[in-house]
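Fold and geometry: a report
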Amino acid sequence: MIRTDELGRIVFGCGNFGGLGSSPALRDKGDDRERALALLDHARELGLTRFDTANTYDGGVSEQVLGEWLGRQDAGFRTRIEVATKVGNPVGCPPGERPLSRAQVAHHLDESLRRLGLEQIAPYYLHEFDPSTPLEETLEALDRALAAGKIASFGVSNATAADLQAVIDLTARGALAAAFTHVQNGFNRLETGDLDGVIPLVRERGLRYVAFSPLAGGLLSGKYQPDRAPPPGTRLDAAPGFFEPLMTPASFAAIAELQQRATEHRWTLSAAALRFILDTPGVDALIIAPRSLEQFATYGIGA
């Protein structure tokens, strides 16, 4: 279960608003505007103050809906919350352009600020690393955004330990070094690779590690069974094959082990999965993306 003093470690993810993530093939398969706004209202009622989106989630619809909701909130609430968004996913880059070029970062940052109705973003994530653009050019774009007051901090996502070290080396001095604060990677009971390199480096450097996909696409909610078709309307039903690498005997053995712990503590399987992440040294926070009001309680939040 999530204690009241741990609510600051729970980030509300808006990746299901409109579509499911950034994939054009999954546009309009997520939560409609009314449901999204209701979920955000409930998140605030429960005490959540950190929100995460990206410029490519449903082609910008996620930022628009979150921005609409933020515009309805009182000034006091808006000053004490964290709103993160991202840039650099290739699906948001026009043909012939480079996802993390100086020009693309500047353009998409302004678009994100407009859709969100904000003057500043913190943290601003590099969604993916861009092999077509020198990292120095991307960091220069972030340095300009920092100087202009458009971002207050930045982070990286989908990063290896080598990626992190490269950013650390190139931001060794100056304002950008202090502004590099966050790492957002996939981490859960079935995907623990970051324990070997990324998380130790994050701890050494004093960065904040944010785990996405805490339920491994729903596998750690117990809704999927081996050798059975995924239930209609679920993420694996909408995107067959996306989590196929995790559909293994080893994964289902780990799920059974986690279920035993959940039973011992009278938790749901989902709550046990979140507990595993929060109890991992070096993890600052995790991202949830509930599709209904009832799921908050299933996660152990507000139950």
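Residues numbered from 1 in each chain as written. Predicted model: local features only at pLDDT ≥ 70, side-chain atom pairs only at ≥ 80, totals over all residues. Heavy atoms only, no water.

A look at the overall build of the protein chain
When helices and strands are counted, the protein chain shows 12 helices and 8 strands. Relative to the compact-globule value of 19 Å for 303 residues, the protein chain shows a C-alpha radius of gyration of 19 Å, a close match. When the backbone C-alpha atoms are referred to their principal axes, the protein chain occupies close to 50 × 40 × 40 Å. For the protein chain, buried positions account for 51% of its 303 residues. (Helix = DSSP H or I, 4+ residues; strand = E, 2+ residues; numbered from the N terminus. Rg over C-alpha atoms; globule rule 2.2 N^0.38 Å. Buried < 20%, exposed > 50% of the residue type's maximum accessible area, 1.4 Å probe, protein only.)

A few points about empty space enclosed by the protein
A full pass over the atoms with the stated rule returns 1 cavity of 30 Å³ or more. For the largest cavity, the calculated volume is near 30 Å³. Looking at the largest cavity, the residues that line it are V11, R50, F51, D52, E82, A84, Y125, Q184 and V210. Elements represented by at least two residues in the lining of the largest cavity include exactly β2 (50-52) and β3 (82-87). If you tally residues by element for the lining of the largest cavity, the top one is β2, at 3 residues. (1 Å grid on protein atoms, 1.4 Å probe; cavity = no way out; pocket = protein on both sides within 12 Å on 5 of 7 lines; lining within 4 Å. Points joined across faces, edges and corners; volume = space filled by probe spheres on them.)

Side note on the packing of aromatic side chains
Tallied over the full model, the rule gives 9 aromatic pairs. Where F12 meets F296, the ring centres are 6.1 Å apart and the plane angle is 15°; that geometry is what we call stacked. Linking F12 in strand β1 (residues 10-13) with F296 in helix α12 (residues 293-298), this pair joins segments that are 284 residues apart in sequence. Judged on exposure class, the residue F12 and its partner F296 are both buried. (Phe/Tyr/Trp six-rings, centres within 6.5 Å; stacked < 30°, edge-to-face > 60°.)

Considering the environment of R9
Tracing the chain through its elements places R9 in the segment before β1. Taking the relative accessible area as the measure of exposure, R9 reaches 22% and is therefore partly exposed. For R9 and R102, which are 93 residues apart along the polypeptide, the C-alpha to C-alpha distance reads 32 Å. In this structure R9 touches R50, L278, V283, D284, A285 and L286, once residues within four positions along its chain are discounted. At 2.8 Å, the side chain of R9 and the backbone oxygen of V283 are in polar contact. (Contact = heavy atoms within 4.5 Å. Polar contact = N/O pair within 3.5 Å; in protein donor to acceptor, adjacent residues only side chain to side chain.)

Considering the layout of surface pockets
A volume near 220 Å³ is recorded for the second largest pocket. For the lining of the second largest pocket, the elements supplying multiple residues, two or more each, are α3 (75-79) and β3. Sorting elements by how many residues they give to the lining of the second largest pocket places α3 first, with 3 residues. When its residues are assigned to classes, the lining of the second largest pocket shows 6 nonpolar, 2 polar and 3 charged. (Nonpolar A, V, L, I, M, F, W, Y, C, P; charged D, E, K, R; others polar.)

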